[in-house]
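# A structural walkthrough
The residues making up each chain are set out below.
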Amino acid sequence: MEFASAIIGPIVESLIVPVKKQLGYLFSSTKHVRNMNTKMKQLDGTSSDVKKHMDANNRSYLEIPTRVPGWLEEVEKIKKDAQSISSTGNGCFNMKMRYRAGRNAFKIKEEMESLMNENSKIIWTDAPKPLGKVISKIASSSAPSDGDAQNHFKSREKTFKDTLGFLQQDHKSQMIAICGMGGVGKTTMMEQLKKTAGDTKMFDYVLKVVSGQQINMFSIQQALAEYISLSISEMNPTTRAERLRISFTNLAERKQKVLVILDDVWEMIKLNDIGLNPLPKGFKLLLTSRYENICKQIAAGYSDLKIVRVEVMEEPEAQNFFWQITGALKQHDKELNKIGTKIVRRCGFLPLAINLIAIRLKFEEKVAWRDTLRHLENKNLDYVQESIKISYDYIKEEEEKVIFLLCGLFPDDFNIPIEELTRYAWGLRLLNGVSSLGEARDGTETHVHSLKSANLLMDSDSIGCVKMHDLVLDFVLGRVSKGDNPWIINHGDVSKWSRAGMSESCNRISITCRGMFEFPRDFKYPNLALLRLMHGDKSLKFPEDFYQRMENLEVIAYENMQYPLLPRSLQCSTRLRTLIFHKCLLMFDCSVIGELLNLEVLSFAHCGIRKLPSTIGNLKKLKVLDLTGCINLWIDDGVLKSLVKLEELYMRVDGKKAIRFTHSNHAELAELSEHLSALEVEFFDNSEVLYLEVDGMNDFHQQSFNNLRVLDVFKCENLRYLFTVPIASDLMKLEHLTVSRCPVLEVLAHSENGGDGVIKFQGLKFLRLDRLPKLIGLCNTANVIELPQLLEL
C-alpha cells in the first residue's frame, strides 16, 4: 500500500493542480478581473509617463529608445483586450462566460506585468539625436515629382538621375561634384538629391555643411561632429580633424553608409582637415560649387571624381517658366510678349533671376515691364545680382526692406527665427505704429510672408524660421557694408578678420567667434545699435571695458556663447531695449541686468542660468521675459509681481526639470497673468495649488497643466479656442473652469486633425460659460464630452 501510495500520490497531485487552476478561473473570476483592472491602471500610468517622455524628446530632438514605440503599441493592444473583458462583466449566471473572463483576465494581467518589467529595463539616454541620422521610411527614387514649376525642369531630369545613379553605386564614384554658375540651381538639385537619399534610406547618415565664401574650418569641423553626436572640446584643428577621422572610421567599420555634403564651395578644402582622407568605405562626398577646378583640387588622388554640370535652362523652357509665373497672356499683347521675351534673355536663362523678376512683374502694368528691361539692358552687373536689386527696389514699404536687411545678420544656410527678427526690430524701433510685441510680431510675420512671396526669402525646414539664398545674402552684405553707417558682418574665418579700415560709424555688428581667443581691445563703436556674437568658446576673453563707448546699444544678442561677457561696464548701455542670451552657460550672477532700466525684451532661453535675482524686478518697462528651457531655475520672491508692464512670459521646460516654483511664485504668477497676452508655462510637482486667472490673452500655450485645479479665462479678444484636444484630455484634476467675455471663442477644445473621439474632464465640478457669442460647442471634433463629476453648469 505504501508503494502504491508513493506512486499514486504524485500522479493525483499532478492532475489536481491544473484542475484546481482551471476551477480558479471560474470561482475567482471576479478577483482576476479586479486584479487585471488594478494592473491596467498601473500600466496606464506608466505608459502615460512614457508617452510624455517620448513627446518631450521629440520636441527637443533627443534620442528615443528603439523599443519604445513598439512597447506603446503593445500596451494599447493589451489595454483594449482588458477593456473588452471589463465591459462584458463577469456573467454571474453564465459559468462559461465567468470561466473565460477569469482565464483571460489572469493571462492579460501576466502580460501587463511582463510589459511593465520590460519597461523598467529600457534605458533613456536623452542624448541629442544625430542630425544626420536617416530615419525616414518614404520610398522614392525618381526625379523630383512635385508640381512646383519653380523647382522642377524637364531639362534637369537626366542630370538629376545621373547624379542619383552615382550616389547609388556602392563601390564607385565616392566623390561627386555638382557645378554650374551662380543662380543656375545647384543647391536646389542638391537638396532634392538629399531628400531622395533620405527617403529611400540610401544612407544611414546624411551630413550637410555649407562652406561659403569665407571658410571657417572650426565651424565645419564642429558641424560635422554635431551630426554624428561627437563632442569635441579640443581647440587644435589637427587634433579635431583626427577625432573626426577616428569617428568616421568607426562608422565605416560598423558598415554604416554616410553621405557628406559640402555645399557652396568657393575655396580649396583639405579633406585631411575634416577627417575624410582617405574617404572611408561606404562614404560618399557630394560637392556643389561654381568652380570645377576647386572640386578637382579637393578630389586630388581620387580618379573616380564625377563632375555633373548644371546648365542654364533652354530658352523655350525658360520662357515658359517666366510666363507661367507672371500669369500674363502673351498671345494677347504683342508688345508685352516682346518685352517679356527680352527680359528672359537678359536674365541669362537662370532660374533664380527669372523667378525673382517674374514674381515682381506679376501684377505690374506694362510701364514696369519696360522699366525692368531698361535696367537689365543698361547694367553690367551679374544677371542674378541685378535681378535681386530690381526685386529689392520694388519693395514699397521701408519696414519690409529693413526686415529683409536684418536677415543679413545670419550666416549662410542659417534657419532665421522670425521671433528673433521681431525682437531685433522692436529693440531697434524699426516698426512704426506698434504698441505691443504682439503687434510687432504680426507686422514682422506679414513682411516675412511678402518677402517669401517675392522669393527674397525661402521656407526653412525648421518651424517658425526662414532662410536666405546665398546669392541674395551676397546682395544684402554688399548693400549693408556701404554708406554712412555700415554694418560689420563676419561669419567666416575670424583669423582673417581685421578692424583695419572699419569705420567707427558702424551701427550693426554680427560676428561668429569660433576660433577667436581674445576680442580686440580697441573694439569701440560709439554709434553701434546692435551687437550679435555667436559660437564663442569658453577660452574667449573680453576686455573689461568692452561696453564703454557703446552707449547707443539698443540690442545685444549672444548665441551659443559659453561665457558671454556681462561686466559692470554693461551699465554704460543705458539705451538697451533687447537683451538675448540663447544657449549660453551663464554661470555667473546676472544681478547687474536689473540696472538696465530701459530693457523691454529679456531672454535666457535654453541657458544655464540657475537663479533669477530680485534685481530683475527693477525692470519696470519689461514686456517680454523668455525663460524657455531654463531647468531647475529659482525665481526670487517679488520678481514676477514687480514686472508690471510684462506682456509675454515663456517658462516652458521639457523633461520634468521645470522651474522650481515656490508658493509665492504661484501667487505672483496668478496676479501677473491678469495683464499677459501670451503665457507658456509648465508645472510638475506642486501645481495643484495653482489658481490662475487670464485676462486679455490672445495665445494660451500650456505644455503640461496636469495638476491645474482652477482656471478663469475672461476678456480674451482674439482667443478662438482654449485648449488643444490632447491638453484637454490631460486636465484630470481641473475642478473649476470659468470662460467669459471672449467674443470670438468657438470651442473649448480644438483639434487640427479632425476625427471622432471622447474627451473626459474627469474632475470638473463647476463649469461656467458666459457671454461667448461665437460659441458653437465644447469641441470641434469629439462626439462625446464626458463630465462625470459635474455639479454645477
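A brief look at the structure comes next. (Residues numbered from 1 in each chain as written. Predicted model: local features only at pLDDT ≥ 70, side-chain atom pairs only at ≥ 80, totals over all residues. Heavy atoms only, no water.)

## A look at the overall build of the protein chain
The following threshold applies: Helix and strand assignments come from DSSP, with helices taken as H or I runs of at least 4 residues and strands as E runs of at least 2, each series counted from the N terminus. Only protein chains enter the accessibility calculation, which uses a 1.4 Å probe; a residue is then buried when its area is under 20% of its type maximum, exposed when over 50%, and partly exposed in between. Whether two residues are in contact is decided by their heavy atoms: any pair within 4.5 Å suffices. Where accessible areas are quoted, they stem from the Shrake-Rupley method and a 1.4 Å probe; at the residue level, only the protein chains shown are allowed to cover.
Looking only at helices and strands, one finds 21 helices and 28 strands in the protein chain. The buried share of the protein chain, reckoned over its 793 residues, is 51%. Here the contacts in the protein chain between residues at least 6 apart in sequence split such that 63% fall between residues at least 24 apart. As displayed, the protein chain offers around 37300 Å² of accessible surface, 51% of which is attributable to carbon and sulfur atoms.

## Let's talk about the environment of leucine 711
Inspection of the secondary structure assignment puts leucine 711 in strand β22 (residues 710–714). Here the alpha-carbon distance between leucine 711 and leucine 737, two residues 26 residues apart in the chain, equals 5.1 Å.

## Things to note about the sheet that holds strand β8 (residues 465–467)
This is how the line gets drawn: DSSP-based pairing: two strands are paired if at least 2 bridges between them are found.
Across the sheet, three strands lie side by side as β6-β8-β7; this open sheet has antiparallel pairing. Lying at the two open borders of the sheet, with one neighbouring strand each, are β6 (416–417) and β7 (458–459). Bridging between β7 and β8 involves two bridges; their strand directions are antiparallel. Opposite aspartate 459, over in β8, you have valine 466 as the bridge partner.

## Describing helix α13 (residues 366–378)
Worth spelling out the cut-off: Helices are assigned an expected span. That span is 1.5 Å times one less than the residue count. What the arc covers is the set of directions going from the helix axis to the C-beta atoms.
An ideal rise of 1.5 Å per residue puts 18 Å on 13 residues; α13 measures up with 19 Å between its terminal C-alpha atoms. Every buried residue belonging to α13 is among Ala368, Trp369, Thr372, Leu373 and Leu376, and all of these are buried. Each buried residue of α13 sits inside an arc of 135 degrees when the element is viewed along its axis, so together they form one side. In α13, the exposed positions that point more than 90 degrees away from the buried face belong to Val367 and Asn378. Along its buried surface, α13 packs onto α10 (315–326), α11 (334–346), α12 (351–361) and α14 (383–393).

## Structural notes on a nonpolar patch on the surface
Applied cut-off: Residues qualify for a patch when their relative accessible area is over 30% and they have no salt bridge, like charges being joined within 9 Å and the nonpolar side chains of Val, Leu, Ile, Met, Phe, Trp and Tyr within 5 Å. Basic side-chain nitrogens of Lys or Arg form a salt bridge, by our definition, when they fall within 4 Å of a carboxyl oxygen of Asp or Glu.
Together, Met181, Val312 and Tyr383 give the surface a local cluster of nonpolar side chains, amounting to about 230 Å² of exposed area. Here valine 312 is to be found in the loop between β5 (306–309) and α10.

## Some points on the state of the cysteines
What counts is decided by this rule: Criterion for a disulfide: a pair of cysteine sulfur atoms at a distance within 2.5 Å.
Under the criterion given, the structure shown has zero disulfides. Cysteine 630 takes part in no disulfide bond, and the closest cysteine sulfur to it belongs to cysteine 607, at a distance of 6.2 Å.

## A few points about the packing of aromatic side chains
Filter applied, for reference: Any pair of Phe, Tyr and Trp rings, taking the six-membered ring for Trp, is counted once the centres come within 6.5 Å. Such a pair is stacked with planes under 30 degrees apart, edge-to-face with planes over 60 apart, and tilted for the rest. Distance and angle both matter: a charge sits over a ring if NZ of Lys or CZ of Arg is within 6 Å of the ring centre and within 35 degrees of the ring normal.
Here the structure, examined in full by the defined rule, presents 12 aromatic pairs. The interplanar angle of 10 degrees and the centroid separation of 6.3 Å between the aromatic rings of phenylalanine 410 and tyrosine 424 together place this pair among those described as stacked. Here the residue phenylalanine 410 occupies a position in the loop between α15 (398–406) and β6, and tyrosine 424 occupies one in helix α16 (residues 418–427), the gap between them amounting to 14 residues. Overall, phenylalanine 410 belongs to the buried group, its relative accessible area being 1%. Following the ring pairs from residue to residue traces out a cluster consisting of Phe322, Trp323 and Trp369. Note that lysine 401 overlies the ring of tyrosine 392, its terminal NZ or CZ placed 4.9 Å from the centroid. One cation-aromatic arrangement involves arginine 532 over phenylalanine 414; the distance from NZ or CZ to the ring centre is 5.7 Å.

## Quick look at unusual backbone geometry
Negative phi characterises most residues that are not glycine, and trans characterises most peptide bonds. Of note, the bond from asparagine 277 into proline 278 is cis; its omega dihedral lies within 30 degrees of zero at 0 degrees. By secondary structure assignment, the location of proline 278 is in the loop between β3 (258–265) and β4 (283–289). The backbone phi angle of lysine 201 is positive, close to 55 degrees, even though this residue is not glycine. Residue position: lysine 201 is located in the loop between α6 (186–199) and β2 (205–212). With a relative accessible area of 47%, lysine 201 lands in the partly exposed category. Of note in this structure, aspartate 264 is not a glycine but carries a positive phi near 60 degrees. By secondary structure assignment, the location of aspartate 264 is in strand β3. Look at aspartate 264 and you get buried, because its relative accessible area is 10%.

## Re the packing of helix α7 (residues 217–227) against helix α8 (residues 237–253)
What counts is decided by this rule: What counts as an axis is a line fitted to C-alpha atoms, over the stretch in contact for a helix, and the angles between N-to-C directions run from 0 to 180 degrees. Working definition: roughly parallel below 35 degrees, roughly antiparallel above 145 degrees, roughly perpendicular at 65 to 115 degrees, and oblique for all remaining angles. Whether a crossing is left-handed or right-handed is set by the direction in which the near helix is turned from the far one by less than a right angle, anticlockwise for left-handed and clockwise for right-handed. Residues are grouped as follows: Ala, Val, Leu, Ile, Met, Phe, Trp, Tyr, Cys and Pro are nonpolar; Asp, Glu, Lys and Arg are charged; every other residue, Gly included, is polar.
At a closest axis distance of 11 Å, the pairing of α7 and α8 adopts a crossing angle of 25 degrees. By the angle between their directions, the pair α7 and α8 is classed as roughly parallel. Crossing angle aside, the handedness with which α7 passes α8 is left-handed. Seen from α7, the contacting residues are Phe218, Gln221, Gln222, Leu224 and Ala225; seen from α8, they are Pro237, Arg240, Ala241, Leu244 and Phe248. Per-class residue counts for the contact of α7 with α8 are seven nonpolar, two polar and one charged.

## Examining the sheet that holds β4
Overall, parallel pairing links the five strands, which are arranged β2-β3-β4-β1-β5 in an open sheet. Each end of this open sheet is capped by a strand with a single partner; those strands are β2 and β5. Between one strand axis and the next, the sheet turns by 15 degrees as a mean value, whatever way the strands run. Here five bridges tie strand β1 (residues 175–179) to β4, and the two strands are oriented parallel to one another. Bridging across to β4, isoleucine 176 finds its partner in leucine 286. Across the sheet, helix α5 (residues 157–168) lies against β1, β3, β4 and β5, angled at about 160 degrees from β5, the strand it touches most. Sitting on the sheet, α7 is in contact with β2 and β3, with an inclination near 165 degrees to β2.

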